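Here are the chains, one letter per residue:
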Amino acid sequence: MINENSDKFVYHKNKILITGADGFIGSHLTEYLVRLGYDVKAFVLYNSFGSFGWLDFCSEEIKDKFEVFSGDIRDPYGVKKAMKGCNAVLHLASLISIPYSYHSPETYVDTNVKGTLNVLQAAQELELEKIIHTSTSEVYGTAQYVPIDETHPLQGQSPYSATKIAADQLAYSFYSSFGLPVITLRPFNTYGPRQSARAVIPTIISQIANGFDEINLGTVFPTRDFNYIDDTVAGFKAALEIKNCDGEVINLGSNFEVSIKETVELIAKKMSRKVSIVSDKGRFRPKNSEVQRLWASNEKAKSFLNWSPSYGGREGFSRGIEKTIEWFINPKNLKSYKSDIYNI
C-alpha cells in the first residue's frame, strides 16, 4: 500500500515477508515490526523439531501476532509460495559464519547466492513493491581508507564474503535489468541479545559469565564498527518505509571503530572481572583472510534514510554492551551457550 500524500511506503495493512526471521537480527526485526503494527510473515528454516529458532523465545504479547512459514531459502518453489500475498520482503536468510565457510563453501553458494536469486526471482514474478536485501561489512575486506563509504572497493577475503558480494551484485542486476525495487543494506557488526557465540562479543561475555579467567580468542588487534541490534532493526524499518531509493546500497554503521582487545577490556570492566587473553591458534583466520579494519561511514544512511545510531560512539557502545551483558548473564539465556568449545 502506498500513501501518495507521503514520501514513505505504508505497509501496516499489507503483509511483509522476513526471511531468516528465526535468526539473531531477523527475530528482533520481526518483533520490532509486529509491535509497530506491521502484518508480518516470518520465513524460518524447516526442521523436524518444529523449532522457529529465536522466535520461540519472543515476547509473549506478540507470539500469536505473526504468521510463520517453514521452508528453505534454497528452494525456489517454497520461497515463491511464502512470498505470495506479500507486498514487501526483507531478505535476511544467510549463512554467516566465516570459519564454517572455509570448509563448506558450497553451502554458502547455495544459501547466500542461489537463495538470494530465489528471493529476487519470486519478487519479480509476483511484482512486489519493495525488496530489502541484506549485505555485510565483510564485503569491503580490510579497509583501504576510512571511514568506509559505499563506493569502497569490494574484496572477497573469505568464501562467506565472496558469496555476499555475489548476492549483492545479483540484487543490483535485478534492479538495473528489470527495475526491481530493491535496496541493499550493509550492516556493520551487529551485536546484542541472542547473537550466536560464533561472534566475538557473545564469545567474550559467555566465557566470563561461566567463570573463565582466561578468555580464548583469535587475533585481538583488528578493529570493528559495532552496532547494537536496536539500531540495525531501526535501519531496516527506515529502508522499508522510504520511497525513491531503489537500487541504492546503504551502510548501517556507527562511524566508530574499536579493537577486539579494547572490547575485551570494556566487557571485563562492566562485569567486574579481571581476565587475561589466550591466543587460540584454532580461532585465527588465514593471514590474508582476516579483515584487519572496519569503520563505517554512515553519511548516506543519514541522508537517504534519516537514520543515525542511538548507540553510536564510545558512550553508545558502552550502553549497548551493558544491555547485552544483562541478557547473557540471565541463567536461562546463558545455558544456551557452550562457552567451553569454539563455536564456528
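In this text, all values refer to a predicted model and were calculated from it rather than measured experimentally.

Attention now goes to the packing of aromatic side chains. Scanning the model with the defined rule gives 17 aromatic pairs in all. With 4.9 Å between their ring centres and 80° between their planes, Trp-327 and Phe-328 make a pair best called edge-to-face. Note on Trp-327: relative accessible area 18%, which makes it buried. Look at Phe-328 and you get buried, because its relative accessible area is 0%. For Lys-281, the ring lying beneath its charged end belongs to Phe-284, and the centroid distance is 4.7 Å. Between Arg-319 and the ring centre of Tyr-311, over which it is positioned, the NZ or CZ distance is 4.6 Å.

Structurally, Thr-263 can be placed in helix α8 (residues 260-270). Overall, Thr-263 belongs to the buried group, its relative accessible area being 1%. Not counting chain neighbours up to four residues away, the residues in contact with Thr-263 comprise Ile-201, Ile-204, Phe-226, Val-258 and Phe-317.

Here the focus is the packing of helix α6 (residues 200-209) against α8. At a closest axis distance of 10 Å, the pairing of α6 and α8 adopts a crossing angle of 35°. Handedness of the crossing formed by α6 with α8: right-handed. Judged by residue contacts, Val-200, Ile-201, Ile-204, Ile-205 and Ile-208 of α6 engage Ile-260, Thr-263, Val-264, Ile-267 and Ala-268 from α8. Across the contact of α6 with α8, the residue classes break down as nine nonpolar, one polar and no charged.

Note that Thr-232 resides in helix α7 (residues 229-241). Measuring from C-alpha to C-alpha, the distance between Thr-232 and Ser-70 comes to 24 Å, with 162 residues separating the pair along the chain. Not counting residues up to four positions away in its chain, the partners in contact with Thr-232 are Ile-25, Pro-187, Thr-190, Asn-227 and Leu-252. Polar side-chain contacts of Thr-232 include one of 2.9 Å to the side chain of Thr-190.

Turning our eyes to something else, we now look at the nonpolar core. One finds Ile-18, Leu-90, Leu-185, Ile-267, Leu-305 and Phe-317 to be the most contacted residues of the largest nonpolar core, which totals 62 residues. Beyond its immediate chain neighbours, meaning those up to four positions away, Leu-305 contacts Leu-185, Gly-235, Ala-238, Ala-239, Ile-242, Ile-250, Leu-252 and Lys-300. Listed in part, the 20 residues of the second largest apolar core include Phe-43, Ile-73, Val-79 and Val-182.

What follows concerns the state of the cysteines. Overall, the coordinates contain zero disulfides when judged by the stated rule. Sulfur of Cys-86: no disulfide; nearest cysteine sulfur belongs to Cys-58 and is 18 Å away.

Position of Leu-90 among the secondary structure elements: in strand β4 (residues 86-91). Separated by 24 residues in the primary sequence, Leu-90 and Lys-114 place their C-alpha atoms 16 Å from one another.

Attention shifts here to the sheet that holds strand β1 (residues 15-19). Judged by pairing direction, the sheet is parallel, and its seven strands sit side by side in the order β3-β2-β1-β4-β5-β6-β11 without closing on themselves. With partners counted over all chains shown, the strands left at the sheet margins are β3 (67-71) and β11 (249-252), one partner each. Geometrically, the sheet is characterised by an average inter-axis angle of 25° between neighbouring strands, direction not taken into account. Bridging between β4 and strand β5 (residues 130-134) involves four bridges; their strand directions are parallel.

Spanning 20 residues, helix α5 (residues 159-178) covers 28 Å between terminal C-alpha atoms, matching the ideal 28 Å at 1.5 Å per step. Within α5, burial applies to Tyr-160, Ser-161, Thr-163, Lys-164, Ile-165, Ala-167, Asp-168, Ala-171 and Phe-174. Contact partners of the buried residues in α5: α3 (98-103), α4 (105-126), β5 and β6 (182-187). Looking one or two places after α5, you find Gly-179, whose phi comes out positive at around 70°.

Moving on, we get to unusual backbone geometry. Trans peptide bonds make up the majority, and among non-glycine residues the majority have a negative phi. Going from Val-146 to Pro-147, the amide bond is cis rather than trans, its omega being -10°. Note that Pro-147 resides in the loop between β5 and α5. Non-glycine residue Glu-127 carries a positive phi angle of around 60°. With respect to the element layout, Glu-127 can be found in the loop between α4 and β5. Under the relative-accessibility criterion, Glu-127 is labelled exposed at 67%. Phi at Asn-255 is positive, roughly 60°, even though this residue is not glycine. Of note, Asn-255 is situated in the loop between β11 and β12 (258-259). In this structure Asn-255 comes out as partly exposed when scored by relative accessible area, which is 34%.

Turning our attention to the pattern of salt bridges. Note on pairing: side chains with opposite charge can pair once their charged atoms come close. Counted according to the given criterion, the structure contains 24 salt bridges. Residue Asp-213 pairs with Arg-273 through a salt bridge whose shortest N-O separation is 3.0 Å. Pair noted here: Asp-213 is in the loop between α6 and β8 (214-217) and Arg-273 is in the loop between α8 and β13 (276-279), with a separation of 60 residues, a long-range link. Two residues, Glu-290 and Arg-285, come together in a salt bridge whose shortest N-O distance is 3.7 Å. Note on accessibility: Glu-290 and Arg-285 belong to one class, buried. Salt bridges linked by common partners bring Glu-31, Arg-35, Glu-61 and Arg-194 together as one network.

Cut-offs applied
- Residues numbered from 1 in each chain as written.
- Predicted model: local features only at pLDDT ≥ 70, side-chain atom pairs only at ≥ 80, totals over all residues.
- Heavy atoms only, no water.
- Phe/Tyr/Trp six-rings, centres within 6.5 Å; stacked < 30°, edge-to-face > 60°.
- Buried < 20%, exposed > 50% of the residue type's maximum accessible area, 1.4 Å probe, protein only.
- Lys NZ or Arg CZ within 6 Å of the ring centre and 35° of its normal.
- Helix = DSSP H or I, 4+ residues; strand = E, 2+ residues; numbered from the N terminus.
- Contact = heavy atoms within 4.5 Å.
- Axes fitted to C-alpha atoms, helices over the stretch in contact; angles between N-to-C directions.
- Left-handed = near helix turned anticlockwise from the far one by under 90°.
- Nonpolar A, V, L, I, M, F, W, Y, C, P; charged D, E, K, R; others polar.
- Polar contact = N/O pair within 3.5 Å; in protein donor to acceptor, adjacent residues only side chain to side chain.
- Core = buried A, V, L, I, M, F, W, Y, C linked by side-chain atoms within 4.5 Å.
- Disulfide = S-S within 2.5 Å.
- Pairing = 2+ DSSP bridges.
- Expected span 1.5 Å × (residues − 1).
- Salt bridge = Lys/Arg side-chain N within 4 Å of Asp/Glu carboxyl O.

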